[in-house]
Amino acid sequence: KTNVSKLGGVIDVHSEMGIGTKMTITLPTTLAIVSSLLVRVGADVFALPMTSVSAAFTLSSEQVRFVDGRRVMTLRGSTLPLCQLEDLLRLELDALSIRRFVVVISLGTRRLGLVVDHLVGQQDIVIKPLGKSLKGLRGFAGATELGDQRVALVLDPGAIIDEVLSGTESIVTGRSVHA
């Protein structure tokens, strides 16, 4: 009941002697359960909707090359632009992370490889909208509460792809960065 109430829902219980009990759970239609891939950069955990994730794999430094000052790699015969999520969001890198991972996100025919510290795992999440003060923040679709009472921001793959492939600006600061 507590968790349903946190989501803005209601539980109705109707009992009739000798017949049984009927429980009705009503949730707001603005909530959606989405399958997501949880990734970690430094101490921060983010969720990426699985509908936008096409692959995830370990990154080898030998795979990375530079074209016009941007990091890229070859994946299945085509060039994949790379973006280090800590640079885009201005986060601290996990100094203990020896291996890095690439999560390939796509929007139509456009693809981007997000470089992260760890692949935490797949989880079904409920996306809650950001509050009024954060509503206009680019690159984020909302937030979710993880099972361990932590909050993770849900990334908006479309906005990230648009931002990185068109202008290479930092989502957080609006300053130009090289992905």
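Keep in mind that what you see is a predicted model, and the values were worked out from it rather than measured.

Caption draft 1: Fine view of the overall build of the protein chain. When helices and strands are counted, the protein chain shows three helices and 13 strands. Within the protein chain, the fraction of its 179 residues that count as buried is 39%. Put simply, of all contacts in the protein chain between residues at least 6 apart along the chain, 55% involve residues at least 24 apart.

Caption draft 2: Seen up close, the pairing of strand S9 (residues 100-107). With six of eight residues buried, S9 lies mostly within the body of the structure. With six bridges joining them, strand S5 (residues 53-59) and S9 adopt antiparallel strand pairing. In the strand pairing of S9, Thr58 is matched with Phe101. Judged from the seven bridges that link them, S9 and strand S10 (residues 110-116) form a sheet pairing that is antiparallel. Bridging across to S10, Val102 finds its partner in Val115. Hairpin geometry of S9 and S10 is characterised by an intervening segment of two residues between the two adjacent antiparallel strands and by a positive phi of about 65 degrees at Gly108.

Caption draft 3: Representation of the sheet that holds S9. With mixed pairing, six strands are arranged side by side in an open sheet as S5-S9-S10-S8-S7-S6. Each edge of the sheet is formed by a strand with only one pairing partner; in this case those strands are S5 and strand S6 (65-67). Averaged over all adjacent pairs, the angle separating strand axes in this sheet is 40 degrees, with direction ignored. Packing against the sheet, helix H3 (residues 157-166) makes contact with strand S7 (70-75), strand S8 (78-84), S9 and S10, and its axis sits at approximately 95 degrees to S10.

Caption draft 4: Expanded view of the nonpolar core. Residues Leu85 and Ile105 are the most contacted members of the largest nonpolar core, which totals 23 residues. Within the residue set of this core, elements represented by two or more residues are strand S3 (33-41), strand S4 (44-49), helix H2 (85-89), S9, S10, strand S12 (140-145) and H3. Leave out the neighbours within four places in its chain, and Ile105 touches Leu48, Ser52, Val53, Arg110, Arg111, Leu112, Leu114, Pro157, Ile160 and Ile161.

Caption draft 5: Summary view of unusual backbone geometry. At Arg76, a position not held by glycine, the phi torsion is positive, near 50 degrees. Counting through the fold element by element, Arg76 comes out in the loop between S7 and S8. For Arg76, a relative accessible area of 67% translates into the label exposed. In this model, Arg90 sits at a positive phi of 60 degrees, which is unusual for a non-glycine residue. Note that Arg90 resides in the loop between H2 and S9.

Caption draft 6: The arrangement of the sheet that holds strand S13 (residues 151-155) in detail. One open sheet accounts for five strands, arranged S11-S3-S4-S13-S12; its pairing is mixed. Among the strands making up the open sheet, the edge pair consists of strand S11 (118-126) and S12. If you compare each strand with its neighbour and ignore which way they point, the axes differ by 35 degrees on average. Looking at chain direction, S3 and S4 are connected through six bridges and run antiparallel. Opposite Val41, over in S4, you have Asp44 as the bridge partner.

Caption draft 7: Seen up close, H3. For H3, every residue scored as buried is listed here: Pro157, Gly158, Ile160, Ile161, Glu163 and Val164. Looking at where H3 begins, the residue whose side-chain oxygen comes 3.2 Å from the main-chain nitrogen of Gly158 is Asp156.

About the thresholds
Residues numbered from 1 in each chain as written. Predicted model: local features only at pLDDT ≥ 70, side-chain atom pairs only at ≥ 80, totals over all residues. Heavy atoms only, no water. Helix = DSSP H or I, 4+ residues; strand = E, 2+ residues; numbered from the N terminus. Buried < 20%, exposed > 50% of the residue type's maximum accessible area, 1.4 Å probe, protein only. Contact = heavy atoms within 4.5 Å. Pairing = 2+ DSSP bridges. Axes fitted to C-alpha atoms, helices over the stretch in contact; angles between N-to-C directions. Core = buried A, V, L, I, M, F, W, Y, C linked by side-chain atoms within 4.5 Å. Polar contact = N/O pair within 3.5 Å; in protein donor to acceptor, adjacent residues only side chain to side chain.

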